[in-house]
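Fold and geometry: a report
Each chain, written out:
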Amino acid sequence: MCFGLLALIRLPSQPATPRHIIDYEVYRRKLLIDGDGNGDDSRINNFLKMCIKWCMLGDETPEERLASYEKLLLTLSQCECCMEKSQQVQDMNHREMANYEELYNKIEAGISQAQQQILDCKADLQQAKRIRRNKQEYDGLAKIIEGQPDRRGTLAKLQTLSEEIQALQRTRSELDRNLEQRRRQFQLLLGAVYQLQTQLNEEGDQQALREGTTSDAAQPMDTV
C-alpha cells in the first residue's frame, strides 16, 4: 500500500504531476487514513508539508534528497499503518454489526417463539379449565347417580309397586261390585217400601171406607 502513494511523489527524474490530481489523491487518502482522529490529521498535514518541501528542493545534495525521501517513506508508512488500523477497525465494526444483526434476529425469533408459546399455554390453560369443569360436573352427576338405587333394586321396586297397584285395582273392582250390589239392594228395598206404603195406604183407605159405610148404616136405625 505504500507504493500507491509513492506514485504521487515526484522524483527529480520524473515529470511533474498536475497539482489538482495530487491534491485530490492526498485528500482522498487523508479521509481514508483519518480514522479515530488520534493525531492522524496532523500526521497527514505534516506529510503533505514534507512532500511539498521535498518537491521544491533545488540545491540539496543527493544524500539530503535521499534522507528526505526516506523520511517521507517513514511518514507514509506510518500513515499506511494508521489507515490499515482504521480499515481493520471498520472491518471489525462491520463484523460486530453483523453479529448484532444476527443476535437481533435471534432475539426476534425468540420473542416470536415465546409469544407463540404463550398463546399455546393460554390455549392449554383454557383446555385444562374446560376439562376440570367437565370433571367437576361429571363427579357431581356420579355422586347423584351413586345416591340412586341400582337397576335391579329399581326393577324390584317397580315390580312391587306394580303388584300393589294391581292389588288396589282388584280391591277397587271388588268394592265397585259390592257398591253396585248394595245399590241394587237399596233400590229393591226402596221399591218394596214404596209398595208396602202403597199397600198400607190402600188398606187404610179401604178401612176408612168400611168405617164410613158402617156409620152411615147405623144412623137411620137410631132415628126410628
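This one's a predicted model, so the numbers in the text were calculated from it and none came from an experiment.

1. Some words on the overall build of the protein chain
For the protein chain, the count of helices and strands is 5 helices and 0 strands. Ordered by position in the sequence, the α and β elements of the protein chain form the string α-α-α-α-α. With 224 residues in all, the protein chain has 11% of them scored as buried. Put simply, 63% of the contacts in the protein chain that link residues at least 6 apart link residues at least 24 apart. By element, 57% of the accessible surface of the protein chain is carried by carbon and sulfur atoms, the whole surface being about 18600 Å².

2. Brief notes about the nonpolar core
Core analysis: the largest hydrophobic core is formed by 5 residues, namely Phe 47, Met 50, Cys 51, Leu 72 and Leu 76. Listing elements by their share of this core, those giving two or more residues are α3 (40-55) and α4 (62-147). In terms of residue count, the dominant contributor to this core is α3 (3 residues). Those residues within four positions of Met 50 in sequence are excluded, and the remaining contacts are Lys 71, Leu 72 and Thr 75.

3. Things to note about the confidence of the model for the protein chain
Close inspection of predicted coordinates is inappropriate in any region flagged by low pLDDT. Per-residue pLDDT for the protein chain averages 77, and the proportion of residues at 70 or more is 74%. Predicted confidence in the protein chain is weakest over helix α1 (residues 2-6), with a mean pLDDT of 40, and strongest over α4, with 88. The model gives residues 1-17 a pLDDT under 50, and that stretch makes 29 contacts with residues more than four places away or in other chains.

4. Description of α4
Over its 86 residues, α4 runs 123 Å from end to end, which matches the ideal 128 Å to within 8%, given 1.5 Å per residue. Of all the positions in α4, only Arg 65, Leu 72, Thr 75, Leu 76, Cys 79, Glu 80, Cys 82, Met 83 and Ser 86 are classed as buried.

5. Quick notes on the pattern of salt bridges
Within this structure, the stated rule accounts for 5 salt bridges. A salt bridge links Lys 135 to Asp 139; its shortest N-O distance comes to 3.3 Å. Of the two residues, Lys 135 and Asp 139 are both situated in helix α4; the distance of 4 residues between them amounts to about one turn of the helix. The class of Asp 139 is partly exposed, set by a relative accessible area of 35%.

Cut-off values and rules
- Residues numbered from 1 in each chain as written.
- Predicted model: local features only at pLDDT ≥ 70, side-chain atom pairs only at ≥ 80, totals over all residues.
- Heavy atoms only, no water.
- Helix = DSSP H or I, 4+ residues; strand = E, 2+ residues; numbered from the N terminus.
- Buried < 20%, exposed > 50% of the residue type's maximum accessible area, 1.4 Å probe, protein only.
- Contact = heavy atoms within 4.5 Å.
- Areas by Shrake-Rupley, 256 points an atom, 1.4 Å probe, with all protein chains shown as cover.
- Core = buried A, V, L, I, M, F, W, Y, C linked by side-chain atoms within 4.5 Å.
- pLDDT = per-residue confidence, 0-100.
- Expected span 1.5 Å × (residues − 1).
- Salt bridge = Lys/Arg side-chain N within 4 Å of Asp/Glu carboxyl O.

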